[in-house]
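Below are the chains, spelled out letter by letter.
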Amino acid sequence: MNSEINWKIVKKYKDILFYYWNGISKIEINREKVCNAFRVQTVNEMIDAINICENRIDIDVIIITGTGKKYFCSGGDQNTRGLGGYLGKDGIPRLNILNFYKKIRESSKPVIAMVNGFSIGGGHVLHVVCDLTIASKNAIFSQVGPKVGSFDGGFGSSYLARHIGQKKTREMWFLCKKYTANEALKMGLINKVVCQNKLEKETIKWCNLIQERSPMAIRLIKRCLNAELDGQHGLMQLAGDATLMFYLMEESQEGKIAFLEKRKPNFKKFKKFL
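Residues numbered from 1 in each chain as written. Predicted model: local features only at pLDDT ≥ 70, side-chain atom pairs only at ≥ 80, totals over all residues. Heavy atoms only, no water.

### Description of the overall build of the protein chain
Here is the rule: Only DSSP runs of H or I reaching four residues or more are called helices, and only runs of E reaching two or more are called strands; each is numbered from the N terminus. The contact criterion used is simple: two residues touch if any of their non-hydrogen atoms lie within 4.5 Å. Note on areas: Shrake-Rupley, 1.4 Å probe, and residue coverage restricted to the protein chains presented here. We count Lys and Arg on the positive side and Asp and Glu on the negative side, and we leave His and both chain ends out. Lys charges are placed at NZ, Arg charges at CZ, Asp charges at CG and Glu charges at CD.
Summing up its helical and strand segments, the protein chain has ten helices and 14 strands in all. The principal-axis extent of the C-alpha atoms belonging to the protein chain is close to 65 × 45 × 40 Å. Across the protein chain, the fraction of contacts at a sequence separation of at least 24, relative to all contacts at a separation of at least 6, is 65%. Carbon and sulfur atoms form 57% of the exposed surface of the protein chain, whose accessible area is close to 14,800 Å². Charged side chains of the protein chain number 43 positive and 26 negative; the gap between the two group centres comes to 3 Å.

Next comes the structure, spelled out in structure tokens:
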């Protein structure tokens, strides 16, 4: 692993920082003055950034984090919350963070949450939906929805329960307690805890290990793991990747070539497997 990490800006935004280095992208919520809380614009920018990641073949792994050493993400910015959701410049209430959660699940690339501090509310759900979570020792994890008149009945509860069990999930939501990084590790909520000054290097190390693995195998295992919880949508994504693999096979090419040559395809020449 190259010891010198040299992030380059991919695209400039107002609420986030978007970097690339050595096959890795980093999407960083840059609203430290409001504890890296997200508003409608923040989420729209993150969706745009992850779409760029998905369409660039030179990006293997995606990191999501927050600016500074105190906050990963504190959830929705209550200053912008209106009746029915969070208000953008057009005044229309939205819950577009749900679309970003789905984008993380839908991405064919591994997404790692690099939790550098408080991971609260919607920010807690954000790390939960990522494929892996690496946290600094000062990280704090908590659900706070019932304290501010909110809740997440989707990934923030059902998928969370797959990580830590029903009883612990109900405890998190009903009591809104705070949990340290070590407590989170013990309950299976996160993957690893490191010192703050080693957080990024450790995350990059994990990215590099992923980059050494078969990208198609990584892509398919993510689809398989998601398929059960994501219903027909998850099955569609798994089936889409299975179609991609089939298109790469000579048997599939024979069908296309035969059509273009206006002849019957000869599928008999291909070996069958039991």
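### Things to note about helix H2 (residues 97–106)
The test is simple: Buried means the residue's accessible area, taken with a 1.4 Å probe over protein chains only, is under 20% of the maximum for its type, while exposed means over 50%, and partly exposed covers the values in between. The directions from the helix axis to the C-beta atoms are what the arc is built from.
Among the residues of H2, Ile97, Phe100, Tyr101, Ile104 and Arg105 are the ones counted as buried. One face of H2 carries all of its buried residues, which in axial projection span an arc of 145°.

### Some thoughts on a nonpolar patch on the surface
The test is simple: Patch building starts from residues that exceed 30% relative accessible area and form no salt bridge, then joins like charges within 9 Å and nonpolar side chains (Val, Leu, Ile, Met, Phe, Trp, Tyr) within 5 Å. What makes a salt bridge here is a side-chain nitrogen of Lys or Arg within 4 Å of a carboxyl oxygen of Asp or Glu, nothing more.
A contiguous nonpolar surface patch, about 310 Å² in accessible area, is contributed by Phe246, Tyr247 and Met249. Structurally, tyrosine 247 can be placed in helix H9 (residues 231–247). Judged by its relative accessible area of 51%, tyrosine 247 is exposed.

### Comments concerning the sheet that holds strand E12 (residues 140–142)
Just so we agree on the cut-off: A strand pair is defined by DSSP finding two or more bridges across the two strands.
Strand order in the open sheet made by the four strands is E5-E10-E12-E13, with mixed pairing throughout. Lying at the two open borders of the sheet, with one neighbouring strand each, are strand E5 (71–73) and strand E13 (179–180). Note: E12 against E13, two bridges, orientation antiparallel. Paired with isoleucine 140 across the bridge in E13 is threonine 180.

### A word on the pairing of strand E9 (residues 111–115)
A large share of E9 lies buried, amounting to five of its five residues. Both faces of E9 are covered, namely the face carrying Val111, Ala113 and Val115 and the face carrying Ile112 and Met114. Of the pairings in the sheet, the one linking strand E4 (residues 61–66) to E9 comprises three bridges and is parallel in character. Directly across from isoleucine 64, in E9, lies its bridge partner alanine 113.

### What to know about the pattern of salt bridges
For the structure on display, the rule yields 17 salt bridges. A salt bridge links arginine 162 to glutamate 228; its shortest N-O distance comes to 3.5 Å. Of this pair, arginine 162 sits in helix H4 (residues 155–164) while glutamate 228 sits in the loop between helix H8 (215–227) and H9, and the two are 66 residues apart along the sequence. Residue classification places glutamate 228 among the exposed residues on the basis of a relative accessible area of 61%. Counted as one network, the salt bridges with shared partners bring together Glu254, Glu261, Arg263 and Lys269.

### A word on the nonpolar core
When a protein is soluble and globular, its nonpolar side chains tend to lie buried together. For clarity, the threshold we go by: Nonpolar core, defined: a set of buried Ala, Val, Leu, Ile, Met, Phe, Trp, Tyr and Cys residues in which side-chain atoms within 4.5 Å join the residues together.
One finds Ile27, Ile64, Phe100, Ile104, Leu126, Phe141 and Leu189 to be the most contacted residues of the largest nonpolar core, which totals 46 residues. A per-element tally of this core places helix H1 (residues 40–54) first, with six residues.

### Description of the packing of H8 against H9
To keep things clear, this is the line we draw: Interaxial angle, 0 to 180 degrees, is taken between N-to-C directions of lines fitted to C-alpha atoms, where a helix line uses only the stretch in contact. Here roughly perpendicular refers to angles of 65 to 115 degrees, roughly parallel to angles under 35, roughly antiparallel to angles over 145, and oblique to all remaining angles. It is the rotation of the near helix from the far one that decides the hand of a crossing: anticlockwise by less than a right angle makes it left-handed, clockwise makes it right-handed. Three categories are distinguished: nonpolar for Ala, Val, Leu, Ile, Met, Phe, Trp, Tyr, Cys and Pro, charged for Asp, Glu, Lys and Arg, and polar for the others, with Gly belonging to the last.
One way to put it is that H8 packs onto H9 with a least axis distance of 8 Å and a crossing angle of 155°. Classified by the angle between their axes, H8 and H9 sit roughly antiparallel to one another. Handedness of the H8/H9 crossing: left-handed. Of H9, the residues touching H8 (which contributes Met216, Arg219, Leu220, Arg223, Cys224 and Ala227) are Gly231, Gly234, Leu235, Gln237, Leu238, Asp241, Leu244 and Met245. Along the lines of polarity and charge, the residues of the contact of H8 with H9 split into eight nonpolar, three polar and three charged.

### Describing the sheet that holds E4
Pairing between sheet strands relies on hydrogen bonds along the backbone, with the strands arranged either parallel or antiparallel. Judged by pairing direction, the sheet is mixed, and its seven strands sit side by side in the order E1-E2-E3-E4-E9-E11-E14 without closing on themselves. The open sheet is flanked by strand E1 (8–9) and strand E14 (192–194), the only strands paired with a single partner. Here E9 runs beside strand E11 (residues 132–136); their pairing, made up of four bridges, is parallel. Residue isoleucine 112 lies in a different strand from E11, and its bridge partner there is leucine 132. This element, H1, spans strand E2 (16–21), strand E3 (24–29) and E4 of the sheet and lies at about 15° to E2.

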